[in-house]
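# Per-entry structural report
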Amino acid sequence: SLAALTGAWAAGEAAKPAASAAVMTAGEVRKIDATAGKVTIKHERIANLDMDAMTMVFRASKPEELKGLKAGDKVRFHAESEKDGALIVTHIEAAR
């Protein structure tokens, strides 16, 4: 029904997944901890998290994406905040 669609849209359910998935942030790898599945990134402002530019450690939700990356590599990544406040990289790729 129109009311159900309007309610979902108003709650942000319809637009949120696709919109947030598209937000990629530029950064530079500072350190990779493959054993722990973590990456340190000096990043630009992360718009979807309303976070200013800084250098910080993120846990990778897909540690296999860290393979082949090394300190100094320019990357594009998407980060999310988990319910407990932990920040995770849900996708990372070498910048083109």
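Definitions and limits used
- Residues numbered from 1 in each chain as written.
- Predicted model: local features only at pLDDT ≥ 70, side-chain atom pairs only at ≥ 80, totals over all residues.
- Heavy atoms only, no water.
- Salt bridge = Lys/Arg side-chain N within 4 Å of Asp/Glu carboxyl O.
- Helix = DSSP H or I, 4+ residues; strand = E, 2+ residues; numbered from the N terminus.
- Buried < 20%, exposed > 50% of the residue type's maximum accessible area, 1.4 Å probe, protein only.
- Pairing = 2+ DSSP bridges.
- Phe/Tyr/Trp six-rings, centres within 6.5 Å; stacked < 30°, edge-to-face > 60°.
- pLDDT = per-residue confidence, 0-100.
- Contact = heavy atoms within 4.5 Å.
- Core = buried A, V, L, I, M, F, W, Y, C linked by side-chain atoms within 4.5 Å.

## Observations concerning the pattern of salt bridges
Evaluated as defined, the whole model comprises eight salt bridges. K74 is paired through a salt bridge with E28; the nearest N and O atoms lie 2.7 Å apart. In this pair, K74 sits in strand 4 (residues 74–81) while E28 sits in strand 1 (residues 25–33), placing the two residues 46 residues apart along the sequence. Residue K74 is classed as exposed on the basis of its relative accessible area, which comes to 51%.

## Describing the pairing of strand 3 (residues 54–60)
Relative to strand 3, strand 2 (residues 38–43) is paired through six bridges, and the arrangement is antiparallel. Residue pairing for strand 3: T40 is matched across the bridge by V57.

## Quick notes on the packing of aromatic side chains
Inspection of the entire model under this criterion finds one aromatic pair. Judged by centre distance (5.5 Å) and plane angle (55 degrees), the rings of F58 and F77 are tilted. One end of the pair, F58, is in strand 3; the other, F77, is in strand 4, with 19 residues separating them in the sequence. Each member of the pair, F58 as well as F77, is classed as buried.

## What about the confidence of the model for the chain?
Considering every residue of the chain, the mean pLDDT works out to 84; 77% of them sit at 70 or more. Averaged over each element, pLDDT in the chain is lowest for helix 2 (residues 16–21) (46) and highest for strand 2 (98). Confidence drops under a pLDDT of 50 for residues 8–21, and excluding neighbours within four residues, the segment shows seven contacts in the predicted structure.

## A closer look at the nonpolar core
One finds V39, I41, F58, F77, V89 and I92 to be the most contacted residues of the largest nonpolar core, which totals 16 residues. For this core, the elements supplying multiple residues, two or more each, are strand 2, strand 3, strand 4 and strand 5 (87–94). The residues touching F77, leaving out its near neighbours within four places in the chain, are V23, M24, T25, A26, G27, I41, H43, I46, F58, V89, H91 and I92.

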